[in-house]
Structure formats: C-alpha cells, structure tokens
Amino acid sequence: MTDAEQPVRRADTGPSFHEMWRDLLPVGRDQGSGGYRRYAWTGADADCRDWFRAQAETRGLTYEQDRNGNQWAWLGDPAAGDAVVTGSHLDSVPDGGAFDGPLGVVSSFAALDELRARGTRPTRPLAIVNFGDEEGARFGLACVGSRLTAGQLTLDKAHALRDADGVSLPQAMERAGYDPEAIGADPERLARIGAFVELHVEQGRALAHTDHAVGVASAIWPHGRWRFDFHGEANHAGTTRIEDRRDPMLTYANTVLAARKKARTAGALATFGKVSVEPNGVNAIASLVRGWLDSRAADEETLAAVVEEIERAAAERGARDGVDVRVTRESFTPVVEFAHDLRDELAKLLGDVPVLPTGAGHDAGILSGVIPTAMLFVRNPTGVSHSPAETAAEDDCLAGVTALADVLEGLACR
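Numbers given to residues run from 1 along each chain, matching the order in which its sequence is written. At least 70 in pLDDT is required for a residue's local features to be given in this predicted model, at least 80 for side-chain atom pairs to be given and counted, and no such filter applies to totals for whole chains, interfaces and linings, which use all residues. Processing note: side-chain calculations cover all non-hydrogen atoms of the structure and skip hydrogens and water entirely.

A. Representation of the environment of alanine 313. In this description a helix means any DSSP run of H or I spanning at least four residues, a strand means any run of E spanning at least two, and both kinds are numbered starting from the N terminus. Looking at where alanine 313 falls in the secondary structure, it is placed in helix 9 (residues 300–321). We call a residue buried when its accessible area falls under 20% of the maximum for its residue type, exposed when it is over 50%, and partly exposed in between, using a 1.4 Å probe and counting protein chains only. By relative accessible area, alanine 313 is classed as buried at 12%. Considered as a pair, alanine 313 and asparagine 254 are 59 residues apart in the sequence and their alpha carbons are 8.3 Å apart.

B. Structural view of unusual backbone geometry. Backbone torsion omega between glutamate 278 and proline 279 reads 0°, so that peptide bond is classified as cis. Mapping proline 279 onto the fold places it in the loop between strand 9 (269–278) and strand 10 (284–285). Within the chain, tryptophan 41 stands out as a residue other than glycine whose phi angle is a positive 60°. With respect to the helices, strands and loops of the structure, tryptophan 41 is situated in the loop between helix 1 (17–24) and helix 2 (43–58). Positive phi, close to 55°, is recorded for histidine 386, a residue that is not glycine. Looking at the element boundaries, histidine 386 is found in the loop between strand 15 (373–378) and helix 12 (394–412).

C. Quick peek at the UniProt feature "binding site: Zn(2+) 2" (unreviewed entry) in the protein. UniProt positions are given in the numbering used here, feature names are shortened, and annotations may be inferred rather than shown by experiment. The sites that carry the UniProt feature "binding site: Zn(2+) 2" (unreviewed entry) are, in the present numbering, Asp100, Glu135 and His386. In terms of the greatest pairwise C-alpha distance, the residues named above, spread along 287 residues, form a tight cluster of at most 9.9 Å across. Counting through the fold element by element, aspartate 100 comes out in the loop between strand 3 (83–88) and helix 3 (102–118). Residue contacts are counted whenever heavy atoms from the two residues lie within 4.5 Å of one another. When residues no more than four places from it in sequence are discounted, the contact partners of aspartate 100 are His89, Asp91, Glu135, His200, Val201, Gln203, Ser385, His386 and Glu390. Polar contact is defined as a pair of N or O atoms within 3.5 Å, subject to the rule that within protein one atom must be able to donate a hydrogen and the other to accept it, and that residues adjacent in sequence are counted only when both atoms are side-chain atoms. A polar atom in the side chain of aspartate 100 sits 3.0 Å from the side chain of histidine 386. Relative to the elements of secondary structure, glutamate 135 occurs in the loop between strand 4 (126–130) and helix 4 (144–150). In this structure, glutamate 135 is in contact with His89, Asp91, Ser92, Val93, Asp100, Ala142, Arg225 and His386, ignoring residues within four places of it in sequence.

D. Structural context of empty space enclosed by the protein. Residues are called lining when one of their atoms sits within 4 Å of a cavity or pocket point, these points coming from a 1 Å grid over the protein atoms alone, where a cavity is a set in which a 1.4 Å probe fits but cannot get out and a pocket is an open set with protein on both sides within 12 Å along at least five of seven lines. Grid points are joined across faces, edges and corners, and a volume is the space filled by probe spheres set on the points. All chains considered together, the criterion is met by five cavities of 30 Å³ or more. In this structure, the largest cavity spans a volume of roughly 80 Å³. As for the largest cavity, its lining consists of 14 residues, and the residues nearest its centre are Trp41, Asn68, Gly132, Asp133 and Val144. Going through the elements one at a time, helix 2, helix 4 and helix 6 (169–175) are the ones with two or more residues in the lining of the largest cavity. Residues are grouped as follows: Ala, Val, Leu, Ile, Met, Phe, Trp, Tyr, Cys and Pro are nonpolar; Asp, Glu, Lys and Arg are charged; all remaining types, including Gly, are polar. Considered class by class, the residues forming the lining of the largest cavity number seven nonpolar, four polar and three charged. Approximately 50 Å³ is the volume found for the second largest cavity. Forming the walls of the second largest cavity are Leu61, Ala73, Trp74, Leu75, Thr86, Leu112, Leu126, Ala127, Ile128 and Leu408. Those elements that place two or more of their residues in the lining of the second largest cavity are strand 2 (71–75) and strand 4. Of the residues that constitute the lining of the second largest cavity, the class distribution is nine nonpolar, one polar and no charged.

E. Fine view of the packing of helix 2 against helix 3. Note on definitions: angles span 0 to 180 degrees between N-to-C directions of axes, and those axes are lines fitted to C-alpha atoms, for helices only across the stretch in contact. Between helix 2 and helix 3, the shortest axis-to-axis distance is 11 Å and the interhelical angle comes to 10°. The angle between helix 2 and helix 3 places the two elements in the roughly parallel class. Along its contact with helix 2, which presents Trp51, Phe52, Gln55 and Ala56, the element helix 3 presents Val105, Val106 and Phe109. Here the residues of the contact of helix 2 with helix 3 sort into six nonpolar, one polar and no charged. Each angle receives one of four descriptions, namely roughly parallel if under 35 degrees, roughly antiparallel if over 145, roughly perpendicular if within 65 to 115, and oblique otherwise.

F. Region of interest: the nonpolar core. Within this scheme, the nonpolar core is defined by two criteria: the residues are buried Ala, Val, Leu, Ile, Met, Phe, Trp, Tyr or Cys, and they are joined through side-chain atoms within 4.5 Å. Core analysis: the biggest nonpolar cluster contains 51 residues, and Trp51, Leu103, Phe109, Leu346 and Leu376 have the highest contact counts within it. Tallying contributions element by element places helix 12 first for this core, with nine residues. Among all residues touching leucine 346, those that are not within four sequence positions of it are Val197, Val216, Ala374, Leu376, Val407 and Leu411. Counting residues in hydrophobic clusters, the runner-up holds 25 residues, among them Trp72, Leu190, Ala364 and Met375.

As structure tokens, this is what we get:
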C-alpha cells in the first residue's frame, strides 16, 4: 500500500494493520533462519511488550500488566465486569513463523479501530490481551501466562521451571524487572470477563479447501507432552563391541519410529521434536538420551492408548538394549469444547462460516474451563505453522480483522 493509499487516521485510532505488521515484523527475527525467536522474558520479548504498550497508549486505552506478566489494554472500566476480551500472544516457538500469535494481537487493535471508525459505542468493557509465554519455548510448558491466571499452574511448579541454561522462571522474570513472587491465580480478573475471543491463523488447511477466509473453532483436541529418559552407558565409539553396548540412542530411535506407527494406526498425532544427549560427543556412546513427545488425538481415550503403546514399545526395546526407560508427563490439556452458545453466536454473526476443530493448543483453550471462550481462524493456504514458511494472504488477514470487528460489535455493542 502506498502512502497515498493509506487511510486517514482518526484521533482515537492507531497505526493501520499494515503499519503495525511492518513494525512488529523484524522483532526477534533470526537473520539466518528467517524464523522468530521471541522467547519469554528475553530482549525480544521486552521489545514485543513495548510494542503492545505503545499500541495501547496511542489509542488512549488503559494499559496494565497483571501479576503474571500478561498485558491488557482496556476500553471502558476494567472493574465494570462482563467484559469482552480479545487478543492472543506475541512469543514464538524456536524459528517460528510471523503469524502464530501476532496475527491475533495485531488484528485485535485493528478491529478496535474499525469499530471506532464505524461509530459504534460498546455497552460492555472491551480489552485486548497479550498472554505471556504461550508457546513454552524457553521453559518447556505452554501457556504459562494463562495457566497461572486460571490457576492451572501452581506457584511451586512455576518456580521450578527452568530453561536449557538452568535459569529459573523467577530468575528470568526478576532479570526482566518483574516480581516473580506476585505470580499466581487471578480469579478476580477472570470474574470480570464475560467472553474471550481469540483470533489465530489456521494451523492446517481445512479453510484452504473452502471459499471462506475465516472459520470458527469447535474444539481443541486433547494433547500433552511427555519426557522420555533413556539411560544407557557411556563408552568409546571406536573400541566398544556392538554386543557390549548399552546405547540409549538406539532405543530412542526405535521409539521415534514406534510413535509414528502407533499414532498413524490410531488416527492420532505423535511427534518427538526435541532431544538432548549426554555427553553429546561424536566418538562417544551416549549415557543419556532425553526426548520429548508431543501427542494429540480427537479424544482422550485414544490419546491415552497411543501414549501407553509408545511407552510399552520404548520399555520393550530398552530391555533388549540394556537401557532403562523412564517417562514423565510434563503437561496435559484435556479436550476443549468451546462454549456452544458463544461458538454458535459467532458463526451466526459471520454468516454461517465453517466450524472446525483443531489439534493446536491455545490460551483460549486454557481459559475455557473458567470463562466462555471462542476462536476465529484465518485461512492458511499452505497449512504450514511453527515454521518461517507460515503465511496468510493479506486479503484474508484483513477479512479476519473485519470478522473480529463484527464479532466484537455483536457481543459488546448491543
């Protein structure tokens, strides 16, 4: 869009969608991979937070950061209750794409601007939120900010979280200038929210096969993360006979293949996407291989059965290899059925758009147990996500802004 084509800005609106997207695009971007490394409580995270605050203040919104580091921008009285909240997150997975999370936050500010341009006046408080550490890239647990707020993560467990360098969550927060002793459940804040609607780029290609740029979420598959520890015996790679080895890498590799087979048979998903090795030497047999399994399925019974089969396969192979296998469930999120009345109202407001499930977790899923939540998806032509190749067409993104503005008008301006 040329300068001549830029819309005239009202006094109570901020930068356009294009301007916000342009300004946020370079933050935390790795020049080598082209992906994003916006990890919790790092410099890139601080830059994202500064951007969010600037957007709020430019629009004359009331800005605040809650006890768990989540950011809020309010139109109306935050204490009035029955608020309609939208937003998403700004952090990323390692070398993630530009759209996962930020599209929802940028679209929220743009949708608010569109509401104001329409001349509509909310009868309920409106808020935009940036939830902290949604991806869990640094401390290994997803949705930390929303989990803490909803009381799904205890203070003790939060304080025990550590990154790959051994830095604890409290240490990271303190270094960033925040009080880690203040974190915890925030029922008073949640009691003031009547509905939360999160817009997100679709992580899949369901909408790509339709004429619709926007869809409504029906449910989130149950999912979890399990840590597999394979304990063997370190030894010399060049002198130890094959029959004398207790090689955990062999057991790990077999488990990866077993996970793929078990998931495919059950119509589920299972992925080993992260691994660490000790002592991690080229000419050394490993003493420990630690792999993290991400598994998801349409229902909890199928998910439990798939993980159990993967654990059994690992144990059986470990017995053959002389390797001890230990499994720890690090997180689990049950199936999320979004509030049916809110979901149906969104679909009606948007003109009978597709309603579809997703296998990806979101802050909206975490909050669904305590407040009514819903989600909008913006079409992703390739289906690629958690990758620098993640994309969405500009027209579809703007359609998402309009759809979110329609939803906010229908919920908060009646």
